[in-house]
Amino acid sequence: MDYVRLDGEALTLVFALEEGGTADLIYAGPRLPESEDLAALAAAGARGRHESQPDVPPRPGLLPERKGGWSGRPAIRLLDRDNPLAGEVPTDFRVIDWDATKWDIRIGWHDERLGIDFNAWWRVTAGDVVRVSCNLVNHGERNFTLADHPALVLPIPRRFTGLTSFAGRWAGEMRETHRALAPEGFAARSGIGKSGFGGGNWMVLDDPASGEVLGAHLVWSGNYSTRIECDTQGQGDGRAVLQMAIGGGAAGFSLPAASALDAAEAVFALAPDRTALAQAFHAHLRARVLPSRATWGPRKVHLNSWEALGFNLSQDALIALAEDAASLGIERFVLDDGWFGGRRNDQTSLGDWTVSSDVFPNGLAPLIARVHQLGMDFGLWVEPEMVSPDSDLYRAQPDWCLHTEGRERPTMRGQLALDMARAEVRDYLFARLDALLREYPIAYLKWDHNRDLFPSAPGQTQGFYALIDALRAAHPQVEIESCSSGGGRIDFGVLNRTHRVWPSDNNDTIERLRIIPVWSQFLPLEVLGSHVGPSPNPITGRRLGIDFRAKVAMFGHMGVEADPARMSEKERATLVAHIALYKQWRGVLHHGALQRLAHPDPNVTAMMVAHEGKALALAAQTAFSPVFDAAPVRLAGLEPAARYRVSLPEPWPPRAKHYLANPDQWREGLVLSGSAVMTHGLALPLTHPETAWLIALEKLS
Ligand code: DGJ
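The paragraphs below set out a description of the structure included in this document. The residue numbers shown here count from 1 along each chain, following its written sequence. Totals for whole chains, interfaces and linings use every residue, but because this is a predicted model, local features are given only for residues with pLDDT of at least 70 and side-chain atom pairs only at 80 or more, for both listing and counting. Side-chain descriptors were evaluated using all non-hydrogen atoms of the structure, hydrogens and water having been removed beforehand.

## Here's the deal with the pairing of strand β11 (residues 162-169)
Just so we agree on the cut-off: Pairing between strands is defined by DSSP: at least two bridges between them are needed. Secondary structure elements follow DSSP: runs of H or I of four or more residues count as helices, runs of E of two or more count as strands, with numbering from the N terminus.
Bridge count between β11 and strand β12 (residues 172-180): seven bridges; the pairing is antiparallel. Counterpart to Phe-166 in the pairing with β12 is Glu-176. Taking the residues that link successive antiparallel strands as the turn, the β11-β12 hairpin has two residues, and the phi of Ala-171 there is positive, at about 65 degrees. Pairing geometry for β11 and strand β14 (residues 202-206), over four bridges, is antiparallel. Counted as the bridge partner of Leu-163 is Leu-205 from β14.

Here it is as C-alpha cells:
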C-alpha cells in the first residue's frame, strides 16, 4: 500500500493507493504535522472483519463497485448498448497509476476486460476548496451507455454525522433541513435538464460534537444525481459514501468504442464552522470561478421594469420609469420581458429577437439615449434557449425545439425549448444576440430560462455553455445575470460564465431573509441580485414598509423592482437614503468576509460583512418578539483587542427608533473593544415585526 498526502493551507488529504487494487481517501481534515506516519494513520482507522461482511471485506473507497459484495450504488453503471437486456455490466476497475504533486493527484483505474479507463483528479486550491473531477475513456471495442457521470466520490469521514440538505420550488428556493445522516442516507436528483430549484446539488455535512462542516457542490447547470449511502449493513468499513454525478436522465451518456467523456467536476471544502465554510466558498468563487472578478467595478444599483410595468411597455412609460429611477440614484436601467417581436404576453414570440416596432417605432435607441442622458447604463432581458410555438422562428424552424418525432409537444409557460445541441440553433441565437449587442450599447443581459427541459435534452447544457461562451468572447464587457424563473439555474457552472444570479422571483423581504442567508452559505453577496420589491408583494401579498425592504435589499447586489411613481414622497426619500447607503458600503459588502450571526430569537436574522477595518451588519426581526427587550445582537469575526466605533446608520426603522436608548451616542458611535461587541453585544430594539437595523463598525486602533 502507498500513501500520498495533499496539503493545503489548513487542510490535509491522505490517499491510500494499491497498484492493481483500490484507492481510498483515508483522511480529510485539519492539516497534519509533516512528520505524521501515514501508515500508522491508516492502521489507526482500519477495522477488523466482523460477522456480516464478505470474507474479503469490500472497500468502496473512491470507486464503489458491486464486486466483492458491496451492495451500494456503483459509481460507474454501464449498459452494453448492443445487449442492453443483459443489465448492468459488471465492472472490475483496478488502480493502474497515479501522479501527485504537493496539492494535486490524478488517480487512474483500468478495467481490463472492458478496456475502460477511469481517472479522478483531486486538487487542493489556494484557500483549501478541493476540486474533484472524473472522466472515462473507452479504449475497448464495446459500445456502452453510462447511467450517471461521476464527478465526486467521497467516503465521508466518520465524524460527519449530520446533514443539512436543501430543497425548494419556484419562489421558495433553498429550504434547509437538518437531520442525522444515518441510516437512510440521502438522495436527490434533477431530471428537468437544469440544476433547478431542487437544491440537491448543494449540501453541508457536520460534526455535531465540534461544529466542523463539510460543504459540497456539483459544478454543473444540468441534471444531477446526489446520493449518500450509509453502510447500514456493515459491508464496508462503516463510512457513508457521497456521490455527486451529472445525471444521465432517461437516455444516459453514450460511451461508444474509442471515445471519451469530458471530466465532470464537483467541489468541496472543510471548515471549522458554517461562517468559515461560506468564506471559503466565497474566496473560491471570487478567485477562480466568476469571470475576471478582480476587474469588476462597483455593482451598480439596478431598476428592473418587470414589477413596475410587466408587459405594459411603451417608450413613454419606460422613459418616465427611467427618469424616476435616476431620481432615486439608480445606476442601471434594465428592460425586462416584452420588448421584442409580438411579445405582449408570455404566450408568444420567444425566438424573435428583434425589437418590436409596435412598442419602439424608432428602435431602442431613443430609450437608451435617454437612459444614458440620465447617467445610467442599459440592460436587456433575453431568454435565448426558448421558442414560442407562436413565433416566426417556430414557423420557420419547427424542428429546432426539443421534441419526439410524431408526438405532442407539450408547452410550459406557453413555450418550448430549443435544442441547444444543434449547431444551427446556436448559430442563429449567436447571430441575433450578437446583432443586438452590436447595434445597441447594452451593458447587461438578464438571461432567463423559464421552462423545464423535456423531452430529454442530451447536450443541452454543453450547448448553452458554448453559446454563452461565444457571446462573452465577442462582447467581454457585457455583464450577464443567470435567471431561471428566479433561482432555477444557480451553480458554479453558470457562475463561471455570468456576473450575478437572480436568487428568487420572490422579492418579499421576509422570504428574502431566509433565501439570501442560505444562498450566501455558498455565494458572495455581490452576485446575489437583491431588489426592493413592491408592497403589497405580488407573490405573497404581504405589505411591508419601505425602510425594512430597503435595509434588507442592501445585503446583496441592490436594485429596485417596483414602480417609484406608486410610492409616497416619504417612501421615495427613504429609498433614496438607502441607495446612498448601499453605494457607501458596497465596497465592504462585496469584497469582505461574511459572518453568519447567531441570535437566540429564531425570528431575528443577522449577518455582517467586514473588510479592511470596516464592517456593516444587518439585524432584522420578522415576527413579534416574545420579550420586550430582545437579546443583544452580538457581532463576530472582530479583533478582540481592537477598538471600534460602532454606530447605527440612519434612517432608523420608524416603528422601533423610539425605543432606542442613547440615540445621540448611537448616532455619534460608541467606542467599544471587539471583545465587548462580540460577547456583550448591542441592545437594539428588535421587538417589533418587520424591523431592521444596520450597524456600522470602523476600526480605530
Ligand atoms: C421570470 C423572471 O424570473 C422574472 O424576473 C421576469 O424576468 C420574467 N421571467 C419575465 O418573463
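## Side note on the packing of helix α4 (residues 315-328) against helix α5 (residues 365-373)
Between two packed helices, both the angle of their axes relative to each other and the distance between the axes serve to describe the pair. What counts, and what does not: Lines fitted to C-alpha atoms define the axes here, with helix axes fitted over just the stretch in contact, and angles between the N-to-C directions of these axes take values from 0 to 180 degrees. Throughout, the term roughly parallel applies to angles under 35 degrees, roughly antiparallel to angles over 145, roughly perpendicular to angles from 65 to 115, and oblique to all others. The contact definition used throughout considers only heavy atoms, calling two residues in contact when any of these lie within 4.5 Å. The classification used treats Ala, Val, Leu, Ile, Met, Phe, Trp, Tyr, Cys and Pro as nonpolar, Asp, Glu, Lys and Arg as charged, and all other residues, Gly among them, as polar.
Direction vectors running N to C along α4 and α5 enclose 10 degrees, while the axes themselves pass 10 Å from each other. Of the possible angle classes, the one that applies to α4 and α5 is roughly parallel. Of the residues in α5, those touching α4 at Gln-315, Leu-318, Ile-319, Ala-322 and Glu-323 are Pro-366, Leu-367, Arg-370 and Val-371. Looking at the contact of α4 with α5 residue by residue, the class counts come to six nonpolar, one polar and two charged.

## Some words on the sheet that holds strand β1 (residues 2-7)
In space, the three strands of this open sheet follow the order β1-β2-β3, with antiparallel pairing throughout. Edge positions in the sheet fall to β1 and β3 (23-30), since each of these pairs with one other strand and no more. When strand polarity is set aside, the average angle formed by the axes of neighbouring strands in this sheet is 20 degrees. The pairing of β1 with strand β2 (residues 11-17) spans six bridges and is antiparallel. What sits directly across from Leu-6, in β2, is Leu-13.

## Focus: the environment of Ala-250
Just so we agree on the cut-off: Summary of the burial criterion: residues with accessible area below 20% of their type's maximum are buried, those above 50% are exposed, and those between are partly exposed, where the area comes from a 1.4 Å probe applied to protein chains only.
Relative to the assigned elements, Ala-250 resides in the loop between β17 (241-246) and β18 (253-255). For Ala-250, a relative accessible area of 82% translates into the label exposed. Distance in space between the C-alpha atoms of Ala-250 and Ile-442 is 39 Å, their sequence separation being 192 residues.

## Details of the site of the ligand
So the rule is basically this: One heavy atom within 4 Å of a molecule or strand is enough for the residue carrying it to be called near that molecule or strand. Here a polar contact is recorded for every N or O atom pair within 3.5 Å, except that within protein the pair must consist of a potential hydrogen donor and a potential acceptor, and residues adjacent in sequence are included only if both atoms are side-chain atoms. Here, Shrake-Rupley sampling with a 1.4 Å probe gives the accessible areas, and only protein chains in the shown set may cover a residue.
Lining the immediate environment of the ligand, one finds 13 residues, of which Asp-336, Asp-337, Lys-446, Asp-448 and Asp-505 sit closest. Interatomic distance of 3.1 Å between a side-chain N/O atom of Trp-381 and an oxygen atom of the ligand. Relative to its unbound accessible surface of 290 Å², the ligand loses 97% to contact with the protein. Here the residues of the shell around the ligand sort into four nonpolar, three polar and six charged.

## So, helix α8 (residues 460-474)
Where we set the bar: Expected helix span is taken as 1.5 Å per residue step, with the number of steps being one fewer than the number of residues.
Taking 1.5 Å per residue, 15 residues should reach 21 Å; α8 reaches 21 Å between its end C-alpha atoms and fits that length. In the core, the buried residues of α8 are packed alongside α7 (423-439), β25 (444-447), β26 (479-482) and α9 (492-495).

## Regarding the pattern of salt bridges
What counts, and what does not: In the sections that follow, a salt bridge refers to a side-chain nitrogen of Lys or Arg positioned within 4 Å of a carboxyl oxygen of Asp or Glu.
Counting across every chain of the model gives 48 salt bridges. A salt bridge links Asp-7 to Lys-102; the shortest N-O distance between them is 3.8 Å. You can see Asp-7 sitting in strand β1 and its partner Lys-102 sitting in the loop between β5 (94-100) and β6 (104-111), a full 95 residues away along the chain. According to the relative accessible area criterion, Asp-7 is buried, its value standing at 7%. The closest approach of N and O atoms between Asp-664 and Arg-667, which form a salt bridge, is 3.0 Å. Here Asp-664 pairs with Arg-667, and both are found in helix α13 (residues 663-668), just three residues apart, close to one helical turn. Residue classification places Asp-664 among the exposed residues on the basis of a relative accessible area of 54%.

## Focus on unusual backbone geometry
Along the chain, Phe-454 connects to Pro-455 via a cis peptide bond; the corresponding omega equals -5 degrees. By secondary structure assignment, the location of Pro-455 is in the loop between β25 and α8. Residue Pro-651 is reached from Glu-650 by a cis peptide bond, and omega for that bond is 5 degrees. Inspection of the secondary structure puts Pro-651 in the loop between β33 (643-647) and α13. Residue Ala-171 is not a glycine yet carries a positive backbone phi of 65 degrees. Assignment of secondary structure puts Ala-171 in the loop between β11 and β12. Judged by its relative accessible area of 4%, Ala-171 falls in the buried class. Despite not being glycine, Met-174 has its phi angle at roughly 55 degrees, a positive value. Relative to the helices and strands, Met-174 is located in strand β12.

## Some thoughts on the sheet that holds strand β19 (residues 259-271)
Judged by pairing direction, the sheet is antiparallel, and its nine strands sit side by side in the order β5-β6-β7-β8-β19-β15-β14-β11-β12 without closing on themselves. Each edge of the open sheet is held by one strand with a lone partner, namely β5 and β12. Neighbour to neighbour, the strand axes of the sheet diverge by 20 degrees on average, direction disregarded. Most of the contacts of helix α2 (residues 274-289) go to β19, to which it runs at about 140 degrees, and overall it touches β8 (130-138), β11, β12, β14, β15 (213-218) and β19. The sheet contacts of helix α10 (residues 509-519) involve β11, β12 and β14, and relative to β12 the element is tilted by about 65 degrees.

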